[in-house]
Amino acid sequence: MKNMIRFNTLIIASMMTLSIMGCEEFLEQTNPNQLTVSAFWQTIEDVEQGTATIYNAFRQEQIMLVDGESARADLSYPGFGRPAPSIASSVDFHNQVFNNASSKIADKWRWIYEGLFRANQVIDAVNRLNEEDAFSTPNQVRADIALGEARFFRGLFHFYAYNSFNEGNVVLVDSYAESTEDLNRAIVSKDSVKAFVIEDLKAAIQLLPLAADLTDEEQGRVTAGAAEALLGKVYLYDAEYEEAAEYFKNVIDDYNYTLTDTPEENFLEATEFNSESILEINYFETRPELTGGSEQNTTNNYNRMMAAGGNGGFRVIYPHNWLIHTFMTDMVDSSDPRNTIQDYAGTDVVRKYSMRASATIAIPDDFSNTYYGGRPAMAGEQFKEESYYRVLSNSATVEDERDVAQFVSKSNVNFRVIRLADVFLMYAECLIQAGTSDTELSEAIRYVNLVRKRAGVQLISPGLGGGEQLIQNDAGSDSIFTASSLMQHLMWVERPLELSIEGHAIRQRDLARWDRLPQFEILPERFEALRPDEDLGKEIYNKIDFVYTDWSDGKDKNNNKLLEKGLSYANTGTRTRYIDDFKLAVTNYREELHRTLPIPASETSSNTAVK
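In short, a report on the structure. Predicted model only: the values in this text are computed from it and were never measured.

Helix and strand content of the protein chain: 23 helices and 13 strands. Per-residue burial for the protein chain yields a buried fraction of 60% across its 611 residues. Here the contacts in the protein chain between residues at least 6 apart in sequence split such that 70% fall between residues at least 24 apart. Split by element, the accessible area of the protein chain, about 23200 Å² in all, is 49% carbon and sulfur.

Let's shift gears to the nonpolar core. Judged by nonpolar contacts, the single largest core of 152 residues is most densely connected at Phe-58, Phe-152 and Val-423. Residues contacting Val-423, with those up to four places away along its chain left out, are Ala-229, Phe-248, Val-251, Ile-252, Ile-278 and Ile-418. Listed in part, the ten residues of the second largest apolar core include Tyr-77, Tyr-318, Ala-362 and Tyr-388.

Taken as a whole, this structure holds 23 aromatic pairs when the rule is applied. When the centroid spacing of 6.4 Å and the interplanar angle of 70° are considered together, the rings of Trp-492 and Trp-514 count as edge-to-face. Highlighted residues: Trp-492 in helix H18 (residues 483–498) and Trp-514 in helix H19 (residues 506–515), separated in sequence by 22 residues. The buried category is assigned to Trp-492, whose relative accessible area is 19%. Each residue in the set Tyr-55, Phe-58, Phe-152, Phe-153 and Phe-157 is aromatic and connected to the rest through ring pairs, giving one cluster.

Further remarks concern the environment of Leu-230. Turning to its location among the elements, Leu-230 is positioned in helix H10 (residues 224–236). The spacing of Leu-230 and Ala-244 is 14 residues in sequence and 9.6 Å in space, taken between C-alpha atoms. When neighbours within four sequence positions are excluded, Leu-230 is seen to be in contact with Phe-152, Leu-156, Phe-159, Leu-201 and Ile-418.

Geometrically, a packed helix pair is captured by the angle between its two axes and the distance between the axes. The contact between H18 and H19 brings their axes to 11 Å, and the two run at 165°. As summarised for this structure, H18 and H19 are arranged roughly antiparallel, according to the angle between their axes. The chirality of how H18 crosses H19 is left-handed. Contacts from Met-487, Met-491, Trp-492, Arg-495 and Pro-496 of H18 reach H19 at Ile-506, Arg-507, Asp-510, Leu-511, Arg-513 and Trp-514.

Inspection of the secondary structure assignment puts Arg-595 in the loop between helix H22 (591–594) and helix H23 (601–606). Take Arg-595: its relative accessible area is 10%, and that puts it in the buried class. In this structure the side chain of Arg-595 is engaged in a polar contact, spanning 3.0 Å, whose partner is the side chain of Glu-167. Those residues in contact with Arg-595 that sit more than four places away from it in its chain are Arg-72, Glu-167, Gln-508, Ala-512, Asp-515, Arg-516, Tyr-589 and Arg-590.

Time to look at the side chain of Arg-315. Residue position: Arg-315 is located in the loop between helix H12 (302–306) and strand E5 (318–319). Within the local environment of Arg-315, its side chain forms a polar contact with the side chain of Tyr-318, the two groups lying 3.2 Å apart. At 2.6 Å, the side chain of Arg-315 forms a polar contact with the side chain of Glu-385.

Moving on: helix H3 (residues 44–58). Between its first and last C-alpha atoms H3 spans 21 Å; for 15 residues at 1.5 Å apiece the expected length is 21 Å, and the two agree. Buried residues dominate H3, accounting for twelve of its 15 residues.

Another aspect to go through is helix H17 (residues 438–455). Across its 18 residues, H17 extends 25 Å between first and last C-alpha, which sits within 8% of the 26 Å expected from 1.5 Å per residue. Residues Leu-441, Ala-444, Ile-445, Tyr-447, Val-448, Asn-449, Val-451, Arg-452, Arg-454 and Ala-455 constitute the buried set of H17. Looking at the packing, one finds that the buried side of H17 touches helix H11 (241–254), helix H14 (355–360), strand E10 (415–419), helix H16 (420–434) and H18. Remark: Gly-456 follows H17 within two positions and exhibits a positive phi of approximately 75°.

Take the pattern of salt bridges next. Within this structure, the stated rule accounts for 49 salt bridges. Of the charged contacts in the structure, one is a salt bridge between Glu-498 and Arg-419, with a shortest N-O distance of 2.9 Å. With Glu-498 in helix H18 and Arg-419 in strand E10, the pair connects residues that are 79 residues apart, well separated along the chain. When sorted by exposure, Glu-498 lands in the same class as Arg-419, which is buried. Taken together, the shared-partner salt bridges connect Glu-276, Asp-330, Arg-356, Arg-419, Arg-452, Arg-454, Glu-494, Glu-498 and Glu-502 into one network.

Of the consecutive residues Leu-523 and Pro-524, the connecting peptide bond is found in the cis state with omega at 5°. Assignment of secondary structure puts Pro-524 in the loop between H19 and helix H20 (525–529). The backbone of Tyr-372 shows a phi angle near 55°, a positive value even though the residue is not glycine. Locating Tyr-372 in the fold gives a position in the loop between strand E8 (361–362) and helix H15 (376–379). Classification of Tyr-372 by relative accessible area gives buried; the value is 4%. The backbone of Leu-392 shows a phi angle near 65°, a positive value even though the residue is not glycine. Mapped onto the secondary structure, Leu-392 falls in the loop between strand E9 (388–389) and E10.

Conventions and cut-offs
- Residues numbered from 1 in each chain as written.
- Predicted model: local features only at pLDDT ≥ 70, side-chain atom pairs only at ≥ 80, totals over all residues.
- Heavy atoms only, no water.
- Helix = DSSP H or I, 4+ residues; strand = E, 2+ residues; numbered from the N terminus.
- Buried < 20%, exposed > 50% of the residue type's maximum accessible area, 1.4 Å probe, protein only.
- Contact = heavy atoms within 4.5 Å.
- Areas by Shrake-Rupley, 256 points an atom, 1.4 Å probe, with all protein chains shown as cover.
- Core = buried A, V, L, I, M, F, W, Y, C linked by side-chain atoms within 4.5 Å.
- Phe/Tyr/Trp six-rings, centres within 6.5 Å; stacked < 30°, edge-to-face > 60°.
- Axes fitted to C-alpha atoms, helices over the stretch in contact; angles between N-to-C directions.
- Parallel < 35°, antiparallel > 145°, perpendicular 65-115°, else oblique.
- Left-handed = near helix turned anticlockwise from the far one by under 90°.
- Polar contact = N/O pair within 3.5 Å; in protein donor to acceptor, adjacent residues only side chain to side chain.
- Expected span 1.5 Å × (residues − 1).
- Salt bridge = Lys/Arg side-chain N within 4 Å of Asp/Glu carboxyl O.

Here it is in structure tokens:
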């Protein structure tokens, strides 16, 4: 159901960031927070309206910063036009030259702290009204849930802040501003912010309902399971594996989440809030008269970012070559009956690519599904491009994104933030990193195999984890996985394939947290590893002609391109050798500048307490 939470905007919470916070004209006025306490917050309805504005802040795309965060990781290439890509603001992220003047970084900071501002208003209001015994017994239950939601989001926004900016040393906002002096708050240590996040999330677990207890109209509201999953991430991101494992196991055992039958169900509008969903951002059209970029919109713009040019897309984000190739080579389990399909001629065949690959990206010779009503090959025909992301698009339901909204960028597809497959893989990582026995390794493999089984790909390590088939480990040998090789598989295969372009910058945060571990050298070494070297024969990618039959006229066409890797070729046809996409990233990357984002200049110039 798409209209559960109405994202009304309160005058008291409209467009005021914490650095608001910093505007001289604002500081000369009567403090609006005083008006809020004395005049607005009187009833449970006021509280719930205030809570709705927190959700409204959460749905702002600037927080997830999908184009910038995926580009500064290793997932996406910033727009068309290699070797001079088209999306300049994302190129800075991809080439590791972003700085504190970036408007996208400023907008991410702004909305995180706007969310904190709104959460603190609700927390203060509920606490004050509780002191006044203002709620009847039924309304007290509603007030407790609203307090749990506000504390959840205060924890989440602080978690996003310290994992995004300044190596974790950020502004802590533990209360709303009671005076103009309170608007300027100093940077505090990461440890201080983290401790505050843990306190908020533990409180939220006790106050929030279970997902199973939500009505259809309440779908999209945060739950105790989401708070536990997020708390597990808090510990995992600091390599506190035993603590993280405890919360992840609670999520697995105590909340009745189950994997969906197919990967595609996690990307479609029709299957939102499914059995696997733990936290997702709800999008739905309520203001058709608004432009796609309006902050009052309850839709998103992701669809046009992802789509092919011939299908109404702006071609902002492309999957990187290594990711496309890893999808293409993830071995399909031919014994899984779901992998026997009919091709376009009606003949039974085994899928060429996994269900996970087909659900996540469009590959020209993937005949297992359609892309905007046609063959995937047809989408890239106009620009000779070899793959597009399917996630966050409407490619399964329309022929063109302009069928959703003709003149503006709008989509109702929800953004999945946390789901059970992510928890399975994080729990497996905890078992690998903290474990000391074969039993823990076997259990880790079991959870990886649960994710792989759902994807329809071959399982790992026969005799362990319920797998009956063997896949090669990442060293290319046929030996059973060790803890070390399984960790490598998680890092370079399983997590990027399962969680591409999902959550709060999952891939970039994974790379950054692994980079902090003494046993790994991730950044910029990962970028160097993805550079082509003909002497070593590594990371050599080519675009080759791909011949396919056009449905409309039955004629063969070959003006589409298929990705192929290596110095030797399995296919004939004209080839275009790919350039060195990561050369500038390797040259420019500096850990102290680029592992986390800088505090934006808009904050340092307006907040006198930030040095």
